[in-house]
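# Analysis of the macromolecular model
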Amino acid sequence: MSKSLDELFDRILRSKIFKNRELLRPDYIPDELPHRENQILSLAKILAPALQGERPSNVFLYGLTGTGKTAVTRHVLKAIKERRRPDLNLTTIYINCRHDDTNYRVLARLCEEINVNVPFTGLATAEVFRRFREGAEKLQGIIIVVLDEIDALVKKSGDDVLYKLTRIHTELKKTKICIIGITNDLKFTDYLSARVRSTLGEEELVFPPYTAPELEDILKMRARDAFKPRVLEEGVIKLCAALAAKEHGDARRALDLLRIAGEIAEREGMDKVTINHVKKAHREIERDRVVEVLKTLPLHSKVVVLSIYLLNKAGKTKATTGEVYGMYRSLCNRLRLDELTQRRVSDLINELDMLGIINAKVISKGRYGRTKIVKLSISEKSLREGLLEDEFLSRALG
Ligand SMILES: Nc1ncnc2c1ncn2[C@@H]1O[C@H](COP(=O)(O)OP(=O)(O)OP(=O)(O)O)[C@@H](O)[C@H]1O
Ligand SMILES: [Mg+2]
């Protein structure tokens, strides 16, 4: 191994900062979940009948991202499995619908978990469902199915399978099934038909955002074993908690800030994590977020961003919507795109404003009425990173 790599690995292995950085990873489930005692108790109460061979009610869990829904669910399922009677056939199945986002894939995963054979593709969904029902009946027990990020499934494939699953217990004699649905999309219920809403939501649990002091407790608990003693400078945890609470009380964001701040300190060869490292981590996360948002924008929104950028670059740091539209049209022309109407572009500008990519402000032009001026609110570096992958656009960027 080259000497420099050797030294690098040595340094990382001998971290002055971390005792166990794994504890800060997003998928690590801690034994204790402060400030979720109510949700844990409620979910445990709802699921407890499973321990006596009864069917628990279906449950619907919702709350914004990073509010502990997945962590709480896994925590309670684990506890239930530990307490199950040996004579009771209790199966728990966890499916993340963002990964398995079609009816077929969800059903195939369910079959797989109870050892029923189905091919990767090729059968009719109804046939896979039938095989699952048959296999489930043979188990003669209780099955708890968690469908996490369930909105991804419904948006892509509708709620047919969900309807069937939430009703399947009426068709089974020897096995009982309960469904736990989880979402962070608070508008999700709009996508559900009333019949699914009522069968899935036999019980509902809400996960409110964490407050800054709550996030502090969570971070302190996780930091205790993740960092070496006395590595965190005074105020570091408080700042991570405050920044994450400002967004919407997202524990994942708070943990990311703390972990990345630690990694930056380590990269710099320091033996303390300072406020400054947290600020740097914040900028890093924010930049990544912006780049991700840019990459996933629809093509015409990207062209609008590009138009504003080109105007800014040409000295127009505050362009009017009319000027943006002019530039947008000439870009469309160059890229051979069919242009949208000015009104539609105006809508796109509003959307970009809400996403924090640009800043749009209405100003009065005296007796000439009012107009909107827009400017870019992201760095050129992020913009290039977010748009340059698009070969089409990178030519226009030059
Ligand atoms: N009360 C808590 N105590 C300790 N860690 C927590 C707590 N709540 C959440 N976390 C941690 O924060 C991160 C995000 O939590 P979790 O994955 O449960 O969020 P979620 O509500 O499922 O979010 P999403 O809707 O984005 O899936 C995880 O690393 C989790 O371990
Ligand atoms: Mg989750």
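Quick caveat, the model's predicted, so the values are computed rather than measured.

Definitions and limits used
Residues numbered from 1 in each chain as written. Chains lettered and ligands numbered in written order. Predicted model: local features only at pLDDT ≥ 70, side-chain atom pairs only at ≥ 80, totals over all residues. Heavy atoms only, no water. Pairing = 2+ DSSP bridges. Helix = DSSP H or I, 4+ residues; strand = E, 2+ residues; numbered from the N terminus. Axes fitted to C-alpha atoms, helices over the stretch in contact; angles between N-to-C directions. Contact = heavy atoms within 4.5 Å. Salt bridge = Lys/Arg side-chain N within 4 Å of Asp/Glu carboxyl O. Buried < 20%, exposed > 50% of the residue type's maximum accessible area, 1.4 Å probe, protein only. Expected span 1.5 Å × (residues − 1). Near = heavy atom within 4 Å. Polar contact = N/O pair within 3.5 Å; in protein donor to acceptor, adjacent residues only side chain to side chain. Areas by Shrake-Rupley, 256 points an atom, 1.4 Å probe, with all protein chains shown as cover. 1 Å grid on protein atoms, 1.4 Å probe; cavity = no way out; pocket = protein on both sides within 12 Å on 5 of 7 lines; lining within 4 Å. Sits in = over half its atoms within 2 Å of the grid points. Nonpolar A, V, L, I, M, F, W, Y, C, P; charged D, E, K, R; others polar. Domains from an automatic or database assignment.

Attention now moves to the sheet that holds strand S1 (residues 59-63). Strands pair in a sheet through their backbones, by hydrogen bonds, and they do so in one of two ways: parallel or antiparallel. Overall, parallel pairing links the five strands, which are arranged S2-S3-S4-S1-S5 in an open sheet. Here the strands that pair on one side only, and so sit at the sheet edges, are strand S2 (90-96) and strand S5 (203-207). Looking at each pair of strands side by side, their axes are set apart by 15° on average, direction ignored. Relative to S5, S1 runs parallel, the two being bridged by five bridges. Its bridge partner lying in S5, Phe60 is registered against Glu204. Contacts from helix H3 (residues 69-83) reach S1, S2, strand S3 (142-148), strand S4 (176-183) and S5 within the one sheet, and its direction differs from that of S2 by about 165°.

Summed over the entire model, instances satisfying the criterion amount to 32 salt bridges. Residues Glu202 and Arg55 are paired through a salt bridge, measuring 3.3 Å at the closest nitrogen-oxygen approach. Residue Glu202 is found in the loop between helix H8 (194-200) and S5, and its partner Arg55 is found in the loop between helix H2 (37-47) and S1; the two are separated by 147 residues along the sequence. Residue Arg55 is classed as partly exposed on the basis of its relative accessible area of 22%. Notably, a salt bridge pairs Arg289 with Glu286, separated by 3.2 Å at the nearest N-O pair.

Let us now look at helix H10 (residues 236-247). Taking 1.5 Å per residue as the helical rise, H10 with its 12 residues ought to reach 16 Å, and the 17 Å between its terminal C-alpha atoms agrees with that figure. On the buried face of H10, the contacting elements are helix H9 (212-226), helix H11 (251-267) and helix H12 (275-295). Phi turns positive, to about 75°, at Gly249, one or two residues after H10.

Close to ligand 1 lie 21 residues; Pro34, Thr65, Lys69, Thr70 and Tyr210 are nearest. Within the backbone of Thr67, one N or O atom sits 3.1 Å away from an oxygen atom of ligand 1. Burial of ligand 1 by the surrounding chains reaches 95%, relative to a free accessible area of 630 Å². The site holding ligand 1 turns out to be the largest pocket. Sorting the residues of the shell around ligand 1 by element identifies H3, H9 and H11 as the ones contributing at least two each. Considering only residue class, the shell around ligand 1 consists of 11 nonpolar, six polar and four charged. Residue contributions to the shell around ligand 1 reach at least three from each of two domains, namely domain 1 (37-207) and domain 2 (210-293).

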